[in-house]
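# Secondary and tertiary structure notes
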Amino acid sequence: MKVLITGGAGFIGSSLAKTLLKAGHDVSLIDHFSSYYHVERKVEHLEEIKKNGPISVHRFDLLDADQTLAHFKAYTYDKVIHLAALPGVQYSLKNPLDYIDQDIKVVVNVLSAAGETGIPHVLFGSSSSVYGSREEGPVKEEQASGKVKSPYAAAKAGAESFCHAYQSLYGFKLTILRFFTVYGPWGRPDMAIPLFIEKLIKGEEITVYDREQSRDFTYIDDIIQGITLAFKQDGLSEVYNLGSGSPVHLTELIQLLTQYFPSAKVREDTFRRGDVRHTWGDISKARNELGYSPEVTFEEGIRRTIEWAKSYHEL
Ligand SMILES: NC(=O)c1ccc[n+]([C@@H]2O[C@H](COP(=O)([O-])OP(=O)(O)OC[C@H]3O[C@@H](n4cnc5c(N)ncnc54)[C@H](O)[C@@H]3O)[C@@H](O)[C@H]2O)c1
């Protein structure tokens, strides 16, 4: 199968690329190596991908609609998975307009180019943030009301609507996958778990913003399992939660990390606006329709992540 991964030099995209190459697929990626976090890290991702087989790398900015369309006219794909985005909830509070460019306009460019060139199946990497703040859980796919908490979440919710519009206009198969806080080896360095582990390895203090929050932390391999299962989706237009289905309080995360780093210095701070207090996905639709079955427990995922981080930071 010929697969294009946009944002393929990022955390989730590079992990997906490795898995697809190992399975013998013909994989291409588009990425402009954004500076949201270290560009060198994206270069390292690319080196890791290449250990698994040959890959076509196209380095350009998908915000350029003409170049995006020209690319789709020059190459054919069976599947396009759009993961390129500007992530980060807190950053979006200070830079909201960048999210309209990177998380909405770019999506429209890709959807339009895919539609114009007859791509049969488009998959979109969305986020649990589209559910806003929900005290009760777990949330089902139809419970996203648009009442979100940050510009990042608003952009993702808007992008989902564009996905539905272009699916209707062009008739391609559409899969929207809502990822719940993804962690693991090569995890995005701005996110809590990788950030905490890096600081703890270096003996630095970590800051927890309200321990009572909980997240449906999902191990990267389980997300990749969900994405690859979605390639075989039956329906024409579907939305799936991809989470672990087992939320963890930040207190539990800190307790677990303290077992590995007994002298951890933890600073407490208050809840940050823009964040949501709890995430918890109902994954029964993905289980029943795709056969999705998350396998890595939180304890095991954290163990593997710390092991990887220690070798990455050469300790
Ligand atoms: N990591 C998570 O926990 C999580 C949770 C929910 C949703 N998501 C979504 O999953 C997707 C992948 O996330 P990630 O954690 O791998 O992020 P990432 O930042 O590691 O990867 C995104 C990649 O997209 C590229 N990119 C961004 N804008 C681009 C553009 N205009 N043109 C070309 N390339 C561009 C970046 O250079 C980067 O390599 C994103 O859409 C993100 O919003 C991630």
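To be clear, the structure that these remarks concern was listed above.
By convention here, each chain's residues receive numbers from 1 onward along its written sequence. Reporting of local features is limited, given that this is a predicted model, to residues whose pLDDT is at least 70; pairs of side-chain atoms are given and counted only at 80 or more, and all residues count toward the totals for whole chains, interfaces and linings. Side-chain measures were taken over the full set of non-hydrogen atoms in the model, leaving aside hydrogen atoms and water.

Moving on, we come to the overall build of the protein. Within the protein, the secondary structure is distributed over eleven helices and 13 strands. Note that the radius of gyration is over C-alpha atoms, with the globule rule given as 2.2 Å times the number of residues to the power 0.38. In summary, the protein has a C-alpha radius of gyration of 19 Å against a globular reference of 20 Å for 315 residues, a match within 12%. In terms of its C-alpha atoms, the protein occupies a principal-axis envelope of roughly 55 × 40 × 40 Å. For the protein, the residues scored as buried account for 53% of the 315 residues in total. Counted over contacts in the protein with a minimum sequence separation of 6, partners at least 24 positions apart contribute 83%. The distance from the centre of the 35 positive side-chain charges to the centre of the 41 negative ones in the protein is 1 Å. Comment: elements are numbered from the N terminus, with helices defined as DSSP H or I runs of at least four residues and strands as E runs of at least two. Burial classes: relative accessible area under 20% of the type maximum marks a residue as buried, over 50% as exposed, and values in between as partly exposed (1.4 Å probe, protein chains only). What makes two residues a contact is simply this: any of their non-hydrogen atoms within 4.5 Å. A residue counts as positive if it is Lys or Arg and as negative if it is Asp or Glu; His and the chain ends are not included. The atoms used to mark charge sites are NZ of Lys, CZ of Arg, CG of Asp and CD of Glu.

Right, let's get into the packing of aromatic side chains. Only the six-membered ring of Trp is used, alongside the rings of Phe and Tyr, when aromatic pairs are assigned; centres must lie within 6.5 Å, and planes under 30 degrees apart are stacked while those over 60 apart are edge-to-face, with the rest tilted. Going through the model one piece at a time under the given rule, you end up with 14 aromatic pairs. Geometrically, the ring pair formed by Y183 and F298 is edge-to-face, given 5.6 Å between the ring centres and 65° between the ring planes. You can see Y183 sitting in strand β7 (residues 182-183) and its partner F298 sitting in helix α11 (residues 298-312), a full 115 residues away along the chain. Using a relative accessible area of 12% as the deciding quantity, one classes F298 as buried. Members of the aromatic cluster, joined through ring pairs, are Y36, Y37, Y91, Y99 and Y152. Geometrically, a lysine NZ or arginine CZ counts as sitting over a ring once it is within 6 Å of the ring centre and also within 35 degrees of the ring normal. The ring of F271 carries R277 above its face, with NZ or CZ at 3.8 Å from the centroid.

Right, let's talk about the nonpolar core for a bit. In this text, buried Ala, Val, Leu, Ile, Met, Phe, Trp, Tyr and Cys residues form a nonpolar core when linked through side-chain atoms within 4.5 Å. Counting residues in hydrophobic clusters, the biggest one holds 59 residues, and the most contacted among them are I5, I12, F179, I227, L253, F298 and I302. Leave out the neighbours within four places in its chain, and F179 touches I12, L83, G125, S126, S127, S128, I223, I227 and L242. Formed by 25 residues, the second largest nonpolar core is a distinct cluster that contains I30, Y77, V110 and L174.

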